[in-house]
Amino acid sequence: MTKDKKLKSVGRSRSRSWQDWRFWGSPVQLRKWVLVGVALLLALIIVPKGGLIPAVFAPGDIAPRDIKSPRDMLVEDVDLTRAKRDAAARAVPLVYRFDSDAGVLALERLQRGLVFLSQRREDADFYVLDDPLTRLEADLGVPLTNDDYGPLLNLPVDIALVGQINTLLKPLFERPVVANLQGFQEDRQSAMVVLERDQERVPSLQWQERVIGLNDALHDAEGHLANLDMLTAAQQQVLLRLVQQQLRPNLVVDRQETEQRRLLAASQVTPVLFQIKKGEMVVREGERINADQILKLLALRDSGRSTHTLQSAAGLMICIMLLLFVGFVFAQGNISKFNPDRRDLLFLGAVVVTHFILIKVSIFVSAGMGTVLASIDAISYYYAIPFALAAMLVRIVLNSETAFIVAICAAVLAGVLFGNSMLVAFYALVGSIVGAHGVRHCQQRTTLYRAGLWIGLTNVAMLIGLHLLTGRAADMQLLYRLGFGFAGGIISAVMVNGTIPLVELLFKYTTDIKLLELANMNAPVLRQLMIQAPGTYHHSILVGNLAESAAESIRANPLLARVAAYYHDIGKIRKPLYFIENTGGQRNKHDKLAPSMSALILTSHVKDGVDLARDNKLGSELIDIIQQHHGTALIKFFYDRAKSLADPGVQQVDERDYRYHGPKPQTREAALIMLADAVEAASRTLADPTPARIQGMVKKLINNIFIDGQLNECDLTLRDLNEIAKSFTRVLSSSFHHRVDYPEPVHIVKAKTDGNDSAAGRDKVNKVNSANTDRKLSAPA
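Just so it is clear, the structure is predicted and the values come from calculations on it, not from any experiment. One numbering rule holds for all chains: residues counted from 1, following each sequence as written. pLDDT decides what is reported in this predicted model: residues at 70 or higher carry local features, side-chain atom pairs at 80 or more are listed and counted, and totals for whole chains, interfaces and linings draw on all residues regardless. Side-chain measures here rest on the full set of heavy atoms in the structure, leaving out hydrogens and waters.

## Let's talk about the overall build of the chain
The test is simple: Numbering goes from the N terminus for both helices and strands, where a helix is a DSSP run of H or I of at least four residues and a strand is a run of E of at least two. Buried means the residue's accessible area, taken with a 1.4 Å probe over protein chains only, is under 20% of the maximum for its type, while exposed means over 50%, and partly exposed covers the values in between. In what follows, residue pairs with any heavy atoms lying within 4.5 Å of each other are defined as contacts.
Assigned secondary structure in the chain consists of 33 helices and 10 strands. Across the 781 residues in the chain, those meeting the buried criterion constitute 44%. For the chain, restricting intrachain contacts to residue pairs at least 6 apart in sequence, the fraction spanning at least 24 positions comes to 79%.

This is the structure in structure tokens:
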């Protein structure tokens, strides 16, 4: 692999664990998917019962809040419409069906049966071949038994008697006969119509007077038969039973036809409607709800379930897409820190959707609590909803700029969710901004609860202001709302505290709280570094002090800078003796290596560090800094050495082979580690580290790194570099300070003085003796 390919492959992604999500497509495609998905889900969450109209009301209930009509509507007065339809149904006349042929046919059957009996009586051989019982049953049209047939054969029937019976019974069989005369008389009091041969007519009073009941008709038939003197009483009863079998009601109520006509008449009645204008106040908070208002509230609720819901959802989805798109484009074009990658986009989408699911669930819980505790309005519980949750999470995981954009979008959509309430949007926005500001550089768990306390106090102040703005008098409900508003801030802190570990696990983020855990010097990697590469370990601690101080001076993340400094050289664990700080005065191993091999060993500690960081799950932020803390800097010592050893006639030394693989620092914290690493290493070479020399060295190194272009891809300014140089100089000057020679105790000074005097006397005697000897040796003989 060539050097260019290596650089390209190394700088391809900030985090390898997230570049494997290739099924999401390109970043542009992912943005589209997230935009459409979040907008669709939020529309489905917000639209149903978006006006927060409770599902059930009863006359006399107290309205929990002001409810206005969101649109012009025509509302049906169900009770009045039902009354009109019932009246129309009752006005439909009762339908009787009269079969005028039934009596005539019955009388004809009776006559045929009597004629059969008379013929059989006159001619005994008539119908010998036929079954007389079957023939008689066929003539009468009714089944007969042997008990019925015997008495009939004994009747003294002849043609004259048959004619006389027909004359007596014919008027009776031609009259309208009903089964229940009393019911008919009651039905006469209302309207009725008679269907005869499918012809409808209104019966006249004379015709109605002719109607007779079945029992009365049988009684009249019995009277008529009693006038037949040639028949005994027993024979009259036999003949009466025969008449009873033939006489049936021919005037009956057609219930089915009547019901159909009444349903048709009721359906033709138009509904009674009354109009509700858009913006009309349906009910005011604190009022007792009456029946008319319940009709309007039910109409508002039902309108949300009609096809208008789909239209509203589509419109809201378009508005949400525009809001998110415009916010994203503005932030990306005007805010330098706003540059979300794939992981960030998925995290933001998940946070916003989960945030509104939580709000929606809280609304239903609040409505349920309002019915359980009637003394507290259901709307008071809404102020305990953790509106600041999304902004706080985004601020802890990403940055303040992104959290501000999320706070604005979430507040606007919260106002839409609460019936297009600007006051709710204002309340949610202020709380979210305070919460996001409160968790900046969250280096302790108590910081979350401190932020929750500030949110609660801000909510209380906001509720007082909103209460005064609406011009309402102070009451007990205000105290409840203030209490719930303060609780909303604490709930936000508690939920963020419980959610952060889940976010770290699912999205592999390294938050400040996670950094606190990694800053523990007893971490396995740091202990291994301390044992196997103690010089590098000490160097990392000093780099951490430099980077943290510089980060505070330029308002970067001091905690991230310090922890990244601890881990930036963990790759040296693999080959610790090839780095000068770990040799302990031993012979330099690079003396026997070619410059190219030495450069390869030095650059490999970056790759080894990245591998160790991934194995120990240090997080993408630390992995990126480890990978970037040398950028593409030149290993000048071995490069110059290679050039000095190179044969001029052979191919020249390629400078790219003596540069780190990069990428260059992408963040201010990564750039701080690069600068602090170089400054701390160079400070060890100063013979007399005075503040002036330290300052000169620091500025020279920063200028060299700047001129080499290593800071081109991060957002450090010249002013930041000046502040960093001042910070480095201050810290290093404190590290290389001179100590004062303190005086020793008197008895130690006296002992040393006595010892020195004795030694001086002995030296004097020795010198005198030596001089004498010399003179003796030099004297002439």
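## Points about the confidence of the model for the chain
Caution applies to low-pLDDT parts of the model: their predicted coordinates are not meant to be read in detail. As a reminder, the rule being used: Values of pLDDT, the confidence the predictor places in each residue, fall between 0 and 100.
On average, residues of the chain carry a pLDDT of 82, and 84% of them reach 70 or more. Scored below 50 in pLDDT, residues 1-24 makes 38 contacts in the model with residues more than four places away or belonging to other chains. Segment residues 50-55 is flagged for pLDDT under 50; beyond a separation of four residues in sequence, or across chains, it makes 19 contacts in the model.

## Overview of the pattern of salt bridges
Rules: A side-chain nitrogen of Lys or Arg and a carboxyl oxygen of Asp or Glu constitute a salt bridge if their distance falls within 4 Å.
The tally for this structure, following the rule as stated, stands at 19 salt bridges. Put simply, glutamate 196 and arginine 201 hold a salt bridge, and the shortest N to O gap is 3.1 Å. The class of arginine 201 is partly exposed, set by a relative accessible area of 28%. Here aspartate 640 makes a salt bridge to lysine 636, at a shortest N to O gap of 3.4 Å.

## Section: the packing of aromatic side chains
The condition is simple: Only the six-membered ring of Trp is used, alongside the rings of Phe and Tyr, when aromatic pairs are assigned; centres must lie within 6.5 Å, and planes under 30 degrees apart are stacked while those over 60 apart are edge-to-face, with the rest tilted. The criterion for a charge sitting over a ring is simple: Lys NZ or Arg CZ within 6 Å of the ring centre, and within 35 degrees of the ring normal.
Applying the stated criterion to the full structure yields 13 aromatic pairs. Ring centres 5.1 Å apart and planes at 85° place the aromatic pair phenylalanine 637 and phenylalanine 638 in the edge-to-face group. For phenylalanine 638, a relative accessible area of 7% puts it in the buried group. Cation over ring: arginine 343 sits above tyrosine 509, and NZ or CZ is 4.1 Å from the ring centre. The ring of tyrosine 578 carries lysine 589 above its face, with NZ or CZ at 5.9 Å from the centroid.

## Here we look at a nonpolar patch on the surface
Rules: Residues enter patches when they are more than 30% accessible in relative terms and free of salt bridges; like-charged ones are connected within 9 Å and nonpolar ones (Val, Leu, Ile, Met, Phe, Trp, Tyr) within 5 Å. The accessible surface values rely on the Shrake-Rupley method and a 1.4 Å probe; as for residues, cover is taken only from the protein chains in view.
There is a patch of nonpolar side chains on the surface, built from Ile357, Val361, Val365, Met369, Val372 and Leu373 and spanning about 500 Å² of accessible area. Relative to the helices and strands, methionine 369 resides in helix H16 (residues 342-372).

## Considerations on the side chain of glutamate 196
Worth spelling out the cut-off: Nitrogen and oxygen atoms within 3.5 Å of one another constitute a polar contact, given that in protein one can donate a hydrogen and the other can accept it, and given that sequence-neighbouring residues count only through two side-chain atoms.
Mapping glutamate 196 onto the fold places it in strand E5 (residues 192-196). When its relative accessible area of 17% is taken as the criterion, glutamate 196 is described as buried. Separated by 3.1 Å, the side chains of glutamate 196 and arginine 201 make a polar contact. Other than its neighbours up to four places away in sequence, glutamate 196 contacts Phe98, Ser100 and Arg201.

## Quick look at the sheet that holds strand E8 (residues 251-253)
As a reminder of what qualifies: A strand pair is defined by DSSP finding two or more bridges across the two strands. The angle between two axes is taken between their N-to-C directions and runs from 0 to 180 degrees, where each axis is a line fitted to C-alpha atoms and a helix contributes only its stretch in contact.
Pairing is mixed in the open sheet, where 4 strands are placed in the order E6-E5-E3-E8. The strands lining the two open edges of the sheet, one partner per strand, are strand E6 (199-201) and E8. Neighbour to neighbour, the strand axes of the sheet diverge by 30° on average, direction disregarded. Of the strand pairs in this sheet, strand E3 (residues 94-98) and E5 are connected by 4 bridges, and their pairing is parallel. Paired with tyrosine 96 across the two strands is valine 194, which belongs to E5. Helix H13 (residues 255-267) rests against E3, E5, E6 and E8 of the sheet, and its axis sits at about 145° to E3.

## Remarks on the packing of helix H19 (residues 400-417) against helix H20 (residues 422-438)
Applicable threshold: The cut-offs work like this: below 35 degrees is roughly parallel, past 145 is roughly antiparallel, 65 to 115 is roughly perpendicular, and the gaps in between are oblique. If you view the pair so one helix is near and one far, a crossing is left-handed when the near helix is turned anticlockwise from the far one by less than a right angle, and right-handed when it is turned clockwise.
Contact geometry for H19 and H20: axes closest at 8 Å, N-to-C directions at 155°. Between H19 and H20, the angle is such that the two are roughly antiparallel. Judged by the twist between their axes, the crossing of H19 over H20 is right-handed. Counted together, Ala403, Phe404, Ala407, Ile408, Ala411, Ala414 and Gly415 of H19 and Val424, Ala425, Ala428, Leu429, Ser432, Ile433 and Ala436 of H20 form the full contact between these two elements.

## Regarding the nonpolar core
Worth spelling out the cut-off: We call a set of buried Ala, Val, Leu, Ile, Met, Phe, Trp, Tyr and Cys residues a nonpolar core when their side-chain atoms join them within 4.5 Å.
Within the largest apolar cluster, 74 residues are counted, with the highest numbers of intra-cluster contacts made by Ile320, Phe347, Phe356, Ile359, Phe387, Phe418 and Val496. Secondary structure elements with two or more residues in this core: helix H3 (27-46), helix H15 (308-334), H16, helix H18 (389-397), H19, H20, helix H21 (445-470) and helix H22 (476-507). In this structure, Ile573, Ile623, Leu672 and Ile694 belong to the second largest nonpolar core, which totals 57 residues.

## Comments concerning helix H12 (residues 233-246)
We apply this condition: For a helix, the expected span equals 1.5 Å multiplied by the number of residues minus one.
With 14 residues, H12 extends 20 Å between its outermost C-alpha atoms, agreeing within 8% with the 20 Å of an ideal straight helix rising 1.5 Å per residue. For H12, every residue scored as buried is listed here: Gln235, Gln236, Val238, Leu239, Leu240, Leu242, Val243 and Gln246.

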